[in-house]
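# Results of the structural survey
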Amino acid sequence: MSELNKIALKIISNGKGILAADESNATMTKRLESVNITSTPENRLLFREIIFSSKNMKECIGGVILYDETINQITSFGKSIPDLISSSDTIPGIKVDTGAKDLANSSEEKITEGLDGLRERLKKYYKLGARFTKWRGVYALSDRYPSELAIHSNAHALARYSALVQENGMVPIVEPEVLMDGDHSADLCLRKTSEVIKRCFEELILNKVDLSGIILKPNMILAGNKSKNKISNEEVSQKTLECLKNSVPSEVPGIAFLSGGQSEIEATENLNLINKNNNTKFIMTYSYGRALQKSALKKWSKNIKDREPTQNTFNHRAKMCSLAAKGKWSKELEYK
Ligand code: 13P
């Protein structure tokens, strides 16, 4: 077993998943302002140190993805953020892309940037304690998109990123996110997501990336959020499994889904069904941002000094996601 494969498995095995706490300052500002909290470095740190100190981190969270600001911060009790995360036997990770920019010659689509100077930044993050990384490619979905150009360009960037990350001893999370915005059908999402993922693996193989040392972070197969033809949770799980079975090489150790705008319960229920119906060899778990933190953030905003209610809310969400990662979640446990 390679060292990278061991790290990947430690992050996602035994009902553990990933906490995606890597919101950029711009995104975190939106999240904080939505609950009437001012976005300062101190407030961003306070919310995150409360979450990362929660009891269920140890049992439920195998890895935390951080943003550059956070990985460099020191908690109010004097520990560095990577040390705080490691104290729960959880692995610190870091978002290394620099964001999705307009794609030249296809202005309604995006290309993710961040390859320039990446090798040097990776060395710095390794020294700070990071052992895995994230890069998110984002694809619009409609009858015209994603274009061949967007599929090709993002796959190329994800593969070059992954090769550099492995060269520096870390596990790349490969995240091609086909967005749920729009009125598209679930079948179009299935077709296009399959195409996007297949192209990513073609490029990863071309770049000689060790597929046993990556984690794939895809979207689930859903109808668009404006579609009139929503599908059931059972169908989401079936179509998601069909997509991954047909497009992911067997060496990949595991798949950690993004929540992508699903509600906390929806993301949990869908993951649970995916695991109940899992007819693949892949570990299927979560790498949720909003679906792990939304209600905790709301709770925290009532009194930002009061840690316990926020931690209780997060602990419950983390536990429910962990049960879903084993196919053992139920509505009774959720609302108990
Ligand atoms: P969400 O689960 O909120 O979609 O965030 C996951 C993520 O990391 C998106 O890049």
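First, a word on scope: everything that follows refers to the structure included in this document. (Residues numbered from 1 in each chain as written. Predicted model: local features only at pLDDT ≥ 70, side-chain atom pairs only at ≥ 80, totals over all residues. Heavy atoms only, no water.)

### Examining the environment of Gly182
Among the structural elements, Gly182 can be located in the loop between strand E7 (171-178) and helix H9 (186-206). Each C-alpha atom, one on Gly182 and one on Asn225, is 5.8 Å from the other, the two residues being 43 residues apart in sequence. (Helix = DSSP H or I, 4+ residues; strand = E, 2+ residues; numbered from the N terminus.)

### Overview of the pattern of salt bridges
The final tally for this structure, using the stated rule, is 22 salt bridges. Between Lys95 and Asp22 there is a salt bridge; the shortest N-O distance is 3.2 Å. Here Lys95, found in strand E3 (residues 91-95), pairs with Asp22, found in the loop between strand E1 (17-20) and helix H2 (25-33); they are 73 residues apart in sequence, far enough to count as distant. Lys95 gets classed as buried once you look at its relative accessible area, which sits at 15%. Linking Asp187 and Lys239 is a salt bridge whose minimum nitrogen-to-oxygen distance equals 3.0 Å. Highlighted residues: Asp187 in helix H9 and Lys239 in helix H10 (residues 233-247), separated in sequence by 52 residues. What makes Asp187 partly exposed here is its relative accessible area of 40%. One network of salt bridges, in which partners are shared, links Asp22, Lys95, Lys134, Arg136, Glu175 and Glu177. (Salt bridge = Lys/Arg side-chain N within 4 Å of Asp/Glu carboxyl O. Buried < 20%, exposed > 50% of the residue type's maximum accessible area, 1.4 Å probe, protein only.)

### Regarding the packing of H10 against helix H11 (residues 264-276)
Two elements in contact, H10 and H11, have axes separated by 8 Å at closest approach and are oriented at 55°. Relative to H11, H10 is oriented oblique. Two packed elements cross with a definite hand, and for H10 against H11 that hand is right-handed. For the pair H10 and H11, contact is made by Asn233, Glu234, Val236, Ser237, Thr240 and Leu241 and by Glu266, Glu269, Asn270, Leu273 and Ile274, respectively. Taken together, the residues that form the contact of H10 with H11 break down as four nonpolar, four polar and three charged. (Axes fitted to C-alpha atoms, helices over the stretch in contact; angles between N-to-C directions. Parallel < 35°, antiparallel > 145°, perpendicular 65-115°, else oblique. Left-handed = near helix turned anticlockwise from the far one by under 90°. Contact = heavy atoms within 4.5 Å. Nonpolar A, V, L, I, M, F, W, Y, C, P; charged D, E, K, R; others polar.)

### Considerations on the nonpolar core
In summary, soluble globular proteins display a tendency toward joint burial of nonpolar side chains. In terms of nonpolar packing, the biggest core is built from 86 residues, with Leu19, Phe52, Ile61 and Tyr288 touching the most fellow members. Residues within four places of Leu19 in sequence aside, it is in contact with Ile51, Phe52, Met57, Ile61, Gly63, Val64, Ile65, Tyr288, Leu292, Gln293 and Phe314. Residues Ala20, Val171, Ile173 and Ala256 belong to the second largest nonpolar core, which totals 14 residues. (Core = buried A, V, L, I, M, F, W, Y, C linked by side-chain atoms within 4.5 Å.)

### Details of the side chain of Ser212
Among the structural elements, Ser212 can be located in the loop between H9 and strand E8 (215-216). In terms of polar contacts, Ser212 uses its side chain to reach the side chain of Asp210, at 2.7 Å. When neighbours within four sequence positions are excluded, Ser212 is seen to be in contact with Ser2, Asn5, Glu251 and Pro253. (Polar contact = N/O pair within 3.5 Å; in protein donor to acceptor, adjacent residues only side chain to side chain.)

### What about H9?
For H9, spanning 21 residues, the distance from its first C-alpha to its last is 30 Å, which sits close to the expected 30 Å at 1.5 Å a residue. Immediately beyond the C-terminal end of H9, within one or two residues, lies Lys208, with a positive phi of roughly 60°. (Expected span 1.5 Å × (residues − 1).)

### Considerations on the environment of Tyr288
With respect to the helices and strands, Tyr288 occurs in strand E10 (residues 283-288). Under the relative-accessibility criterion, Tyr288 is labelled buried at 0%. Taking the C-alpha atoms as reference points, Tyr288 and Lys326, separated by 38 residues in sequence, lie 16 Å from one another. The contact partners of Tyr288, leaving out residues within four places of it in the chain, are Ile18, Leu19, Ala20, Met220, Phe257, Leu258, Ser259, Ala267, Leu271 and Cys321. A polar contact of 2.8 Å, which involves the side chain of Tyr288, links it to the backbone oxygen of Ala267.

### Quick word on the side chain of Asn5
Note that Asn5 resides in helix H1 (residues 3-12). If we skip the residues at most four places from it in the chain, Asn5 touches Ser212, Gly213 and Pro253.

### Re empty space enclosed by the protein
Applying the stated rule across the entire model yields one cavity of 30 Å³ or more. Here the largest cavity is characterised by a volume of approximately 80 Å³. Together, 13 residues line the largest cavity, and Val178, Met180, Asn219, Met220 and Leu222 are the ones closest to its centre. (1 Å grid on protein atoms, 1.4 Å probe; cavity = no way out; pocket = protein on both sides within 12 Å on 5 of 7 lines; lining within 4 Å. Points joined across faces, edges and corners; volume = space filled by probe spheres on them.)

### Here we look at helix H8 (residues 148-167)
The end-to-end C-alpha distance of H8 is 29 Å, a good match for the 28 Å that 20 residues give at a rise of 1.5 Å each. One or two positions beyond H8, positive phi appears at Gly169, with a value near 80°.

### A short note on the site of the ligand
In the region of the ligand, the neighbouring residues are Ala20, Asp22, Lys134, Arg136, Glu175, Lys217, Ser259, Gly260, Ser287, Tyr288, Gly289 and Arg290. Gly260 is positioned such that a nitrogen or oxygen atom in its backbone is 2.7 Å from an oxygen atom of the ligand. Separating an oxygen atom of the ligand from a backbone N or O atom of Gly289 is a distance of 2.8 Å. Protein chains shield 91% of the accessible area of the ligand, which is 300 Å² for the free molecule. Under a 2 Å grid-point criterion requiring more than half of the atoms, the pocket assigned to the ligand is the largest pocket. For the shell around the ligand, the secondary-structure elements that each account for two or more residues are strand E6 (132-139) and E10. (Near = heavy atom within 4 Å. Areas by Shrake-Rupley, 256 points an atom, 1.4 Å probe, with all protein chains shown as cover. Sits in = over half its atoms within 2 Å of the grid points.)

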